[in-house]
Amino acid sequence: MDRWVGKVAVVTGSSSGIGAAVAKDLAKAGMVVVGLARRVECVEALKQNLPESARNRLNAFKCDVSKEEDILGTFKWIEEKFGGVDVLINNAGILPEADLLEAENTQLLRDVMDTNVMGLVLCSREAYQSMKKRSVDGHVVHINSIAGRRVPNFPKLNIYVASKHAVTAITETMRNELRTAGTGIKVTSISPGMVETEILPDSIRSTMPMLKSEDISEAVLYVLGTPPRVQIHELIIKPIGETM
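How each quantity is defined
Sequence order as written defines the numbering, with residues in each chain counted from 1. The predicted nature of this model means local features are confined to residues of pLDDT at least 70 and side-chain atom pairs, given and counted, to a pLDDT of 80 or more, with totals for whole chains, interfaces and linings taken over all residues. The side-chain numbers reported here are obtained from all heavy atoms of the structure, hydrogens and water having been left aside. A run of H or I in DSSP counts as a helix once it spans at least four residues, and a run of E counts as a strand once it spans at least two, with each numbered from the N terminus. When accessible area is computed with a 1.4 Å probe and restricted to protein chains, residues below 20% of their type maximum are described as buried, those above 50% as exposed, and intermediate ones as partly exposed. We call two residues in contact when some of their heavy atoms are within 4.5 Å. Note on pairing: DSSP must find at least two bridges between two strands before they are called paired. Only the contacting stretch of a helix is used when fitting its axis, a line to C-alpha atoms as for every element, and angles between N-to-C directions run 0 to 180 degrees. Given the number of residues in a helix, its expected span is that number minus one, multiplied by 1.5 Å. Here, the arc refers to the directions that run from the helix axis to the C-beta atoms.

(A) Seen up close, the side chain of Ser15. With respect to the helices, strands and loops of the structure, Ser15 is situated in the loop between β1 (8-11) and α1 (17-28). Taking relative accessible area as the criterion, Ser15 reaches 14% and is therefore assigned buried. Once residues lying within four places of it in the same chain are set aside, the contact partners of Ser15 are Ala20, Ala37, Arg39, Cys42 and Val43.

Here it is in structure tokens:
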């Protein structure tokens, strides 16, 4: 992680769960962290759990990644205040508890795709433009899911699984574009199994083996810490005993 000390990392969905764990760990590792969230007060509260030396490196900024105007305004602010983005952690995601074929669920389904897919793509686009402009070989990390590798037989997952399959395909499309452009920018998909976070319905959370958010944050630190010649394409992490 030494080469990232003092560099700028953007973490989407950093108010709780995996995003909060990643934001704290990157700040402790010496990075300047911009934690994006709709509940920006929750990101501010994370500072209380950081060593004094790391608190000033965590910056909270209100952003709803399902809205393009929020994303554009956020990355403009980051460029003006910090100069640009070196690392992007695409963590924001939603999983509303509803069936795919449920009546009158159109807006719910659009919200999932706007957050989990379009938000990820647009944040990646803006981060890439920042890296290219400054000739930075940065790193984009997508917090994906094993639901992006297969279709689990669980109720109420609606279009979430399709959104994560999209992230898997998008990751490879980005990798091809970055290689064709001749950049040294890396892109990594991290696909956890069940993680004990508020995104999961209680019906699933109470019956399955679970990972902790900190387990995924450690994986993020690992992929970021690899040498420039090494690219982790896909990292799948499951809790012991998981059958998916």
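(B) Representation of the sheet that holds strand β3 (residues 58-62) in the model. With parallel pairing, the seven strands of this open sheet are ordered in space as β3-β2-β1-β4-β5-β6-β7. Of all the strands in the sheet, just β3 and β7 (234-237) have a single pairing partner and so form its edges. Strand-to-strand twist in this sheet, taken as the mean axis angle between neighbours without regard to direction, amounts to 15°. Pairing of strand β2 (residues 32-37) with β3 involves five bridges; the strand directions are parallel. Across the sheet, residue Val34 finds its bridge partner in β3, namely Asn59. Helix-sheet contacts for helix α4 (residues 68-82) involve β1, β2, β3 and β4 (87-90), and the interaxial angle to β2 is about 160°.

(C) Broad picture of α4. Under the 1.5 Å per step criterion, the end-to-end length of α4 is 21 Å for 15 residues, consistent within 8% with the ideal 21 Å. Looking only at α4, the buried set comprises Ile71, Thr74, Phe75 and Ile78. Down the axis of α4, the buried side of the element spans an arc of 90°, and every buried residue falls inside it. Within α4, the exposed residues directed more than 90 degrees away from the buried face are Glu69, Lys76 and Glu80. Along its buried surface, α4 packs onto β1, β2, β3, β4 and α5 (106-133). The positive-phi residue at the C-terminal boundary of α4 is Gly83, with phi of around 100°.

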